[in-house]
Every structure is written in structure tokens, then in C-alpha cells.
Amino acid sequence: MVLTAIERGRRDALALEPFDCQWYGTMANAMSEQPGTTSPDPTTDATAATDSRPVLWWRAFRRAPRAARWAAWTALGLVLLLVVLAATVVVVVRRPLPQTGGEVEVPGLSASVEVVRDANDIPQVYADTDADLMFAQGYVHAQERFFEMDFRRHVTAGRLSEMFGPDTLETDKFIRTMGWRRVAEEEWALLEPATRDALTAYAAGVNAYISDRSPSQLAAEYSVLGLSGLDYTPEEWEPVDSLAWLKAMAWDLRGNMEAEVDRVLLSLDHTEDEIAMLWPDYPFAEHPPIVSGGGVVDGVFEQNATGNGTRNPTRPAYPKEVVDALERVQDAVKGMPELVGSGRGIGSNSWVVDGEHSATGMPLLANDPHLGISQPGIWMQMGLHCRQISDACTLDTSGFTFSGVPGVIIGHNADIAWGFTNLGPDVTDLFLEQTEGDDRYVRDGDTRAMEVHTETIKVLGEDDVELRVRETVHGPLISDVSSEFATVGANAPTDEPGERGSGYAVALAWTALEPSPTADAIMELNRASDWDSFRAAAADFAVPAQNLVYADREGHIGYQSPGRVPIRRGGNDGTMPVEGWVSGNDWTGDYIPFDGLPSVLDPDEGFIVTANQAVIDEAYPYLLTKDWDYGYRSTRIREALTEEGELSVGEMSTLQLDSTNPMAATLVPYLLDVDRLPSPYYRNAQNLLRDWDLTQPADSAAAAYYNVVWRTLLELTFHDDLRQRTWPDGGDRWFAVVSQLLTDPASTWWDDADTTDVVETRDDILRAALIEARDELTRRQARDPHLWEWGRLHRMNLHNATLGESGVGLVERLFNRDGWQVGGGSSIVDATSWNAVDGYDVTAAPSMRMVVSLADWDDSRWINLTGVSGHPASSHYSDQTELYVDGETLPWAYSRDAVEAAADDTLVLRPPSD
């Protein structure tokens with residue numbers, strides 16, 4: 001690549017920040033005061049100031065004892081060394097900052113491409129062909145996020161140990177066992193030619209950027225890792241690297257696998273009724289599903305038809321050895337890196353209103369996916385625009401992208417807008433396998449050979465590791481991830497005599513391990529122009545299954561449920577691991593037909609709300625899942641839309657920030673009824689709840705107290721009765737559990753199992769929670785309850801996925817952005833989730849927010865959790881975070897005129913001149 005101009009973007013990359021200049025100024029001052037130099041004495045007159053004799057301080061220094069002079073020289077040397085080191089760090093950290101203006105010659109383009117950036121560095125790309133657009137997207141992604149891309153492909157290929165050594169070996173083993181990369185390679189042949197062309201052009205753009213740059217020019221992370229002994233040159237980007245990332249998304253959004261294991265663990269100590277109480281049935285009457293009514297007629301879902309029944313399987317008890325195997329598997333799963341997040345805080349809000357409910361007279365669409373928090377954030381905003389739409393250039397799309405993946409994932413084009421929320425279907429099952437020897441397993445009373453192959457894992461600084469991967473008809477044996485998981489329970493009892501194998505293993509059945517053309521769906525969504533083409537794109541969206549919300553410029557709104565969802569036999573409802581040696585527990589091999597999945601177009605009520613609640617009622621003939629979000633967020637959004645009637649873009653954005661706690665309306669009256677608190681000291685805290693409006697802004701004293709009470713209540717009620725790994729996280733399921741429990745003041749759940757001489761009741765536990773919470777907040781914040789603030793407890797710490805957890809303070813301060821005080825909370829519309837087991841820090845949050853106006857694209861608004869850049873020295877590393885925390889959004893320019901008006905820098909990529 002040849003630079004043809006040195007532009008402002010490059011000047012910015014080389015310029016020093018103000019504090020850098022101070023360092024150089026400090027160095028200059030130190031040097032001016034070295035021996036042999038003179039300095040004016042302020043105690044003398046102007047004539048004396050020109051005297052060449054040494055000043056008095058220098059004479060005093062020369063007369064000082066030798067030890068004192070050596071100490072001074074040593075101190076000065078250390079200061080100079082620190083200055084040099086600091087300057088070196090600045091140079092190293094700023095070295096990867098990309099060029100954002102001027103012109104660059106780039107081999108591989110067919111014509112010039114413009115990359116127009118606004119004041120937040122958000123790029124809008126203009127080209128004459130789809131190939132050049134995809135090429136430029138890959139180039140720009142590599143400019144800003146290549147280390148993130150490289151890290152992700154090492155994760156998805158099970159190759160982290162090549163970069164990070166033995167600490168990541170168990171993760172590599174787990175991913176190699178599942179075979180994410182192998183499945184991605186098999187998907188390549190399934191894709192449409194246009195999708196393969198897009199992936200190929202994107203990869204070429206990435207490689208054009210990295211080809212003539214050293215690792216230290218690509219990311220500061222490589223320089224830091226080099227200090228640990230990593231001698232590394234990034235490989236070229238391959239199209240399959242992009243496909244493999246879709247497996248990581250699907251893994252973090254996979255559904256209820258942990259709940260399956262938790263139910264088994266609880267079965268050792270609790271009855272079926274007690275376990276059912278901890279997983280209440282979905283409350284359809286209180287929290288309406290996404291699609292009301294409808295049914296499947298001749299294999300096709302019709303929104304005005306009636307539905308059918310469901311299944312209700314039973315299952316024998318699990319022997320302890322099986323529970324041990326599952327518990328170890330759960331440990332391995334929890335050790336996996338979170339790429340988009342995990343746990344019940346992972347979800348989303350999305351809703352769309354029609355023109356009659358919009359102040360613009362046309363639909364409005366809102367979306368905010370709730371994912372794990374990181375620095376940089378998961379998304380990168382970008383626009384992909386053909387200068388003129390033609391057969392060779394079909395894209396005019398803008399929205400949120402994943403670095404490493406071509407196209408826009410969520411956003412809009414010239415005709416339609418779309419948003420995602422996690423559907424959360426049950427697409428995983430754990431099958432217990434009885435093993436015979438090293439490579440056989442029991443199947444309907446007989447034994448079969450496993451499929452076995454060996455993986456070689458390279459480990460930085462150590463010998464290669466050979467991993468033996470075994471698979472049954474159900475999938476890979478994830479209990480083989482390490483030697484301690486292999487052949488668990490050699491003497492475990494079985495349900496039928498004569499079928500004891502060598503022990504129990506655990507196989508994973510997961511739809512994402514079967515090749516699918518999901519990448520087709522991404523590009524087809526980018527090109528869709530109406531409801532029919534939108535649904536055609538959704539039909540290819542296999543994993544991860546998402547709720548798709550839709551609006552178009554013709555005024556239509558809609559919803560489509562896509563995804564590859566397995567049809568199970570009658571003995572398997574997906575809520576518990578099943579016996580793999582009984583073929584009657586298998587999946588049928590069929591999936592819910594796409595035309596049979598719920599959908600709706602232009603519903604009578606004029607809006608659609610998806611927030612991970614049940615998609616459809618129990619009359620639906622297919623099993624999607626039994627582990628829905630319980631619908632508190634969706635109901636709150638529905639209530640607000642109904643009350644408001646007609647909404648503006650600003651009011652849609654405001655609703656995304658709604659911090660009303662749905663559990664508080666149920667619990668607070670019980671807390672206020674508690675009497676006999678020991679003193680006014682405790683009653684003063686309780687009084688905060690009397691006038692509380694049940695919202696949770698960051699500065700709320702009442703919200704701080706309520707949430708500490710809630711966490712303490714869960715601990716006092718359940719920790720004595722449940723195994724630690726099943727303790728309450730405090731989210732929506734526990735809202736439902738405690739709401740039921742509050743109506744039974746003498747329930748055995750209230751009794752403290754650790755006290756033998758007394759039986760506690762509901763009010764005893766509520767009183768203790770109020771008292772302990774008061775004391776905790778006094779210790780943490782202040783004696784005066786009015787000085788408490790929820791945000792001081794509820795902090796959002798944005799950590800770099802790799803070096804942000806290095807344990808080296810200086811490195812962590814460079815890459816992390818910690819301490820953001822935020823409002824909201826778990827299962828609240830402003831979904832800044834936290835885990836009551838661990839504390840109050842944010843574990844997941846809205847990863848972005850957008851509101852799209854179908855009346856005028858340029859009136860739309862968006863905001864990202866962090867910023868465009870993945871470089872910590874960039875001013876755009878976290879420049880959107882402060883706006884995000886304050887509840888603000890940015891203008892979303894789409895038309896060429898609006899983009900030009902907002903332009904702050906333009907980079908022109910040109911093919912080499914002849």
C-alpha cells in the first residue's frame with residue numbers, strides 16, 4: 001500500500017495529547033537545570049541575572065555530602081527514565097491509530113471508495129460495486145478492530161493457547177470438542193454465490209490492511225503480549241473466519257442448557273413440587289406473548305387461526321454419578337469466554353409502532369440488545385452505500401455491524417428497518433451416554449462405535465497437546481473436555497439391569513453444530529425491500545434464532561420468528577438431560593417448518609413488543625421452549641405504549657431508559673408492613689420506600705436501599721436450602737418465585753435451616769433483610785439514608801476481553817474503562833443486569849440503542865455502548881459511553897446530504913494507478 005497524501009487523520013495519529021506535552025516540558029526543565037547551566041536568581045537584579053557565575057543553589061549542592069548528591073542524581077535519573085518510558089508508551093500505544101483522511105492506494109479495488117466519518121468517527125462507506133463495499137468494510141473493520149477480530153477467530157477455532165499459553169487450554173479443548181471451525185468450513189458450500197462473494201471481498205479488504213503492517217502497527221495488545229514472549233504474526237483473514245464467529249454468537253444465545261443442569265442438581269435435595277416452585281409456569285394472563293392467538297393450519301402458521309395441544313413427559317430420578325458428571329460439565333461451560341455475554345441478563349428489547357401510534361404518521365422501530373459488557377463494545381456502527389443502485393451494486397444499508405462479519409446485522413436500508421431480540425428457543429439438549437470401553441456406547445440395549453478423531457492444540461511456550469474427541473449419534477461428548485470428566489461414574493446405577501456401561505458421559509446436541517446458511521440471511525436482510533423478501537431472508541436465519549421485528553416505508557409493521565428449532569419425541573421436553581441409550585428420547589430429525597413459526601403482519605393493536613417473553617401461548621402445537629423470560633419488561637413496554645397512544649422519536653428513546661422495577665410494586669407493600677424494627681435508625685431507612693416511585697435512576701437513595709434489601713432477602717431465604725451454584729441471581733425468574741412465596745407467610749422456604757430452635761416466617765426474613773441492608777449501606781456509603789445512591793453500588797466496568805483481565809494494574813488501566821455509575825437493573829426496561837450472588841456491578845446491559853424513523857431516516861437516533869475504535873489511545877475508544885450513561889443518543893445520518901453535513905474526515909481508497 002502506498003500513501004499518496006499525509007492528511008489530518010495521520011497528523012492526529014502522530015500528535016501528542018496535552019499531557020504528553022507536559023512530559024516533554026518536564027524533561028526540558030530538568031535538562032535546563034543540569035550542572036554547568038545558569039539560571040536567573042529572582043533575589044538579584046537584572047545585572048546579576050546575566051552573571052556567568054554558578055547560582056547559589058548549585059554551590060549549595062556541590063557542598064552537600066557525597067551521599068546526598070548521589071541520591072539526587074539517582075532521583076533525577078529515575079525521573080528522566082520514567083519520562084522516557086512514558087513517552088515510549090505513548091508512541092507505542094498511539095502507533096496503531098489508523099489513517100482516516102486523505103487518500104490511500106489499495107490493491108484489490110476496482111474503483112475509488114470513500115469512507116466518510118463524522119465527529120464520533122462513525123464511518124459511512126460509498127462505492128460503485130458490492131465487492132468494493134465489502135472490501136472497504138473489511139479494510140475499515142481491520143483499521144479499528146483487528147485485534148478483536150483476531151482474538152475472536154482464535155476463540156472460535158480453539159486456538160487461544162497459541163497466543164495466551166496454557167491458561168486458555170481448557171477453553172480450546174471445549175471448542176475443539178464441539179468443532180465450531182469444522183462446522184463453519186462445512187457451511188461454505190451451502191452459501192449462495194453472492195454471499196460467498198461478499199465474504200471473499202471482505203476478507204480481501206482485511207488482508208489489504210494488515211498485509212504490510214507489523215503487529216505493533218495493528219493493535220497495542222500485540223505490543224503488550226510481545227513483552228510476555230509472544231512472537232506472533234497474524235495470519236491472513238479467511239472467509240470462514242467470519243462464518244465461525246456466528247457459532248460464538250449462537251453459543252452465548254443458546255438457551256436453557258444451564259437450567260437443565262440446575263434442575264438435576266436440585267433433584268438431589270428437593271421434591272418435584274419444590275423444583276417446580278423454583279421454575280414457575282409462564283404467566284400468560286399477566287404477561288402477554290408476542291403473538292396473540294393464531295395456529296398452524298396445514299403446516300402454515302396463520303395469525304387468525306386456532307392452535308393445538310402440548311406434551312408433558314416424565315423422567316426417572318438421576319443417580320448421583322450422573323449429577324457429578326453434569327456438574328463438572330457446567331464448570332467447563334462457565335469457564336468459556338463470554339463473547340456476547342451469558343446468563344439471564346442476556347436478552348433484548350425491541351418494539352415497533354405503526355403510523356397511527358407515531359407522531360410522524362409512519363412506523364417507528366426501537367431496539368436495544370442486552371449483551372455482555374466489554375471494552376471495546378460488541379458493535380461497530382457503519383453505513384454501506386452504493387453511489388447508484390444497480391445489478392452490480394445493491395446495498396444502501398446503515399446500522400450496527402460485527403467486526404469480522406460483512407454486512408449490517410441490525411439497522412435499515414432504503415426500504416425497510418429491522419431489529420433483533422433473542423428468541424431463546426430450546427436448541428440444545430444434554431444426552432447422558434452409557435459408555436463401554438474407550439470408544440463404544442449403549443444404544444437400545446446394544447453397543448455402537450463412537451466417531452473418534454484427534455485434535456492437535458498448539459500451546460505458547462509448551463509442547464503441543466493431543467485431544468481425543470469422541471461423538472455419539474447425539475453429538476460430541478463434552479464431558480471429555482479434560483481427563484477428569486472422562487468415564488465419570490464407572491459404577492453408577494442404571495435404570496435397566498444389564499445395561500451398566502463403563503460409566504456415564506454427556507453428549508451435546510445443538511442445532512448450531514449442523515451446517516446452515518445463516519450468513520445468507522445477513523446479506524439478504526441487507527437487500528430486502530418488503531415483507532416477502534424480509535421473510536425470505538428470515539427463512540435462512542438458522543442460528544442463533546432471533547425474534548425479528550420489521551417496518552417498511554409503505555407503513556407496514558411485522559414480526560417473524562425464525563430459526564432451526566428441533567422437534568423432540570414425546571419423552572423429551574428439553575427441560576432436563578435425558579437418557580441417550582433410549583432412542584425414544586431422541587430428536588426426530590425434523591425441525592419446526594419455517595412457515596409454521598409464529599409471525600404477524602399489521603396487528604390490530606398497532607404495535608408489536610418483543611422482550612424475550614413467550615412468543616405464543618400454550619395452544620401452539622410445537623415446543624419452542626419452556627424457559628422463557630417471564631415477561632416483566634415486555635409488559636411494562638406494552639403498558640407505556642398503550643398509555644402514550646402516539647409517540648415521537650424522542651419518546652421512543654425515553655421509553656428505552658424506563659427504570660421502573662416491576663418486582664418493587666409487589667414487594668414494597670410487604671416491606672412497609674414490617675413492624676418492630678429495633679430503632680429509628682432502621683425505620684429511617686424503611687421510610688425511604690414510602691414515597692418511592694419504584695424507578696431506579698443512578699442517584700436514587702430508595703433504589704439503593706431496595707436492591708440491597710432484595711439481595712439480602714434472596715440470601716436469607718434460599719442460600720440455606722440450595723446448592724451454591726443454584727443460588728438466586730435475582731432476575732425475572734426470582735421475581736416470579738418470590739411473588740408466589742410472599743402470599744404464603746409460613747412456607748418452609750422462609751425457615752432458616754441453620755437455626756434449630758426457631759421456625760422463621762416471612763416477616764422474620766423481611767425484617768432481617770431490612771435491618772441487614774440498612775447496616776450494609778451505612779458501611780458502604782453513609783449513615784444518612786438520603787445520601788445513598790444506587791449508581792455508587794451499581795457500577796458498569798468495561799473491561800478489555802483479554803488484557804483487561806491481565807492482573808497487571810498499568811495494563812488494565814490502559815485498556816479498561818471502569819466506574820460508570822448507572823441506573824436500571826435486572827429485568828427492567830433499562831436492563832443493566834446484575835447478579836445477586838456476586839454483588840451489584842453490571843454484568844450485562846443494552847449493548848446499543850437505536851430508534852428508526854420510517855418517515856425520515858435522518859431523524860433516526862443511535863448510540864453505542866463504547867465507541868467505534870478498538871484502540872485505547874483513540875479519542876473514539878469510549879467517546880459514546882458518557883452519552884450512553886446520560887441517556888443520550890446521536891443523530892443517525894443516512895442520506896448523502898446528511899452524511900456530508902456531519903462529515904468530519906474523509907478517506908479515499910483508490911486502486912493503484914497504472
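Placed above this text is the structure.
Residues numbered from 1 in each chain as written. Predicted model: local features only at pLDDT ≥ 70, side-chain atom pairs only at ≥ 80, totals over all residues. Heavy atoms only, no water.

Thoughts on the nonpolar core
Alright, step 1. Grouped together as the largest cluster of nonpolar side chains are 158 residues, with contacts concentrated most on Trp510 and Leu909.
Alright, step 2. Considering every element that reaches this core, the biggest residue donor is helix α6 (residues 130-156), with 12 residues.
Alright, step 3. Look past the residues within four positions of leucine 909 in its chain and what remains in contact with it is Val104, Val106, Leu109, Ala111, Ser112, Val113, Val115, Ala136 and Tyr139.
Alright, step 4. Leu667, Leu742, Trp749 and Leu777 belong to the second largest nonpolar core, which has 58 residues in total. (Core = buried A, V, L, I, M, F, W, Y, C linked by side-chain atoms within 4.5 Å. Buried < 20%, exposed > 50% of the residue type's maximum accessible area, 1.4 Å probe, protein only. Helix = DSSP H or I, 4+ residues; strand = E, 2+ residues; numbered from the N terminus. Contact = heavy atoms within 4.5 Å.)

Some thoughts on the environment of arginine 387
Alright, step 1. Mapped onto the fold, arginine 387 is located in the loop between β9 (380-386) and β10 (396-401).
Alright, step 2. Accessibility expressed as a relative area gives 33% for arginine 387, which makes it partly exposed.
Alright, step 3. The sequence separation of arginine 387 and valine 113 amounts to 274 residues, and the corresponding C-alpha distance is 9.8 Å.
Alright, step 4. One polar contact links the side chain of arginine 387 to the main-chain carbonyl oxygen of serine 112, over a distance of 3.2 Å.
Alright, step 5. In this structure the side chain of arginine 387 is engaged in a polar contact, spanning 3.1 Å, whose partner is the side chain of glutamate 114. (Polar contact = N/O pair within 3.5 Å; in protein donor to acceptor, adjacent residues only side chain to side chain.)

Here we look at empty space enclosed by the protein
Alright, step 1. Counted by the stated rule, this structure contains nine cavities of 30 Å³ or more.
Alright, step 2. Considered as a void within the structure, the largest cavity measures approximately 140 Å³ in volume.
Alright, step 3. Those elements that place two or more of their residues in the lining of the largest cavity are β7 (347-353), β8 (364-372) and β12 (416-422).
Alright, step 4. Of the residues assigned to the lining of the largest cavity, the class counts are 11 nonpolar, four polar and no charged.
Alright, step 5. There is about 60 Å³ of room inside the second largest cavity.
Alright, step 6. Every residue along the wall of the second largest cavity is listed here: Thr195, Leu199, Ser242, Leu243, Leu246, Val405, Pro406, Ala519, Ile522 and Met523.
Alright, step 7. The set of elements that each furnish at least two residues to the lining of the second largest cavity consists of α10 (193-210), α13 (239-252) and α17 (518-527).
Alright, step 8. Counted by class, the lining of the second largest cavity contains eight nonpolar, two polar and no charged residues. (1 Å grid on protein atoms, 1.4 Å probe; cavity = no way out; pocket = protein on both sides within 12 Å on 5 of 7 lines; lining within 4 Å. Points joined across faces, edges and corners; volume = space filled by probe spheres on them. Nonpolar A, V, L, I, M, F, W, Y, C, P; charged D, E, K, R; others polar.)

Focus on the packing of aromatic side chains
Alright, step 1. A full pass over the atoms with the stated rule returns 34 aromatic pairs.
Alright, step 2. Three or more aromatic residues joined by ring pairs form one cluster here, namely Trp245, Trp379, Phe400, Phe402, Trp862 and Trp892. (Phe/Tyr/Trp six-rings, centres within 6.5 Å; stacked < 30°, edge-to-face > 60°.)

Here's the deal with the state of the cysteines
Think of a disulfide as a covalent bridge from one cysteine sulfur atom to another cysteine sulfur atom.
Alright, step 1. Enumeration over the complete set of coordinates arrives at one disulfide.
Alright, step 2. Across the disulfide, cysteine 386 is cross-linked to cysteine 393 (sulfur-sulfur distance 2.0 Å). For the disulfide bridge between cysteine 386 and cysteine 393, the dihedral angle about the S-S bond is near -95°, and by the sign convention the bridge is left-handed. Of the two residues, cysteine 386 and cysteine 393, neither departs from the other in class, the shared state being buried. (Disulfide = S-S within 2.5 Å.)

Comments concerning unusual backbone geometry
With the exception of glycine, the majority of residues adopt a negative phi angle, and the majority of peptide bonds are in the trans configuration.
Alright, step 1. A cis amide bond, omega 0°, links glutamine 375 with the succeeding residue proline 376.
Alright, step 2. Assignment of secondary structure puts proline 376 in the loop between β8 and β9.
Alright, step 3. The omega torsion across valine 543 and proline 544 is -5°, close enough to zero to call that bond cis.
Alright, step 4. Counting through the fold element by element, proline 544 comes out in the loop between α18 (531-538) and β19 (546-552).
Alright, step 5. A positive phi angle, close to 70°, is found at aspartate 121, a residue other than glycine.
Alright, step 6. Inspection of the secondary structure puts aspartate 121 in the loop between β3 (113-117) and β4 (123-127).
Alright, step 7. Its relative accessible area of 10% is what places aspartate 121 among the buried residues.
Alright, step 8. We note that aspartate 444 has phi near 50°; this positive angle belongs to a residue other than glycine.
Alright, step 9. Within the secondary structure, aspartate 444 sits in the loop between β14 (440-443) and β15 (446-449).

Describing the side chain of threonine 401
Alright, step 1. Residue placement: threonine 401 occurs in strand β10.
Alright, step 2. At 3.0 Å, the side chain of threonine 401 and the side chain of histidine 141 are in polar contact.
Alright, step 3. Within polar-contact distance, the side chain of threonine 401 engages the backbone oxygen of methionine 380 at 2.7 Å.
Alright, step 4. Discounting residues that sit within four places of it in the chain, threonine 401 has contacts with Gln137, His141, Ile378, Trp379, Met380, Met382, Gly407, Val408 and Ile409.

Looking at the pairing of strand β30 (residues 848-853)
Alright, step 1. When you tally the buried positions in β30, you get six out of six residues, the bulk of the element.
Alright, step 2. In β30, alternate side chains face the same way, and those of Met848, Met850 and Val852 on one face and Arg849, Val851 and Ser853 on the other are all buried.
Alright, step 3. Where β8 lies against β30, four bridges are found, and the strand directions are antiparallel. Note that in β30 the partner of leucine 364 across the bridge is serine 853.
Alright, step 4. Here β30 runs beside strand β31 (residues 861-864); their pairing, made up of four bridges, is antiparallel. (Pairing = 2+ DSSP bridges.)

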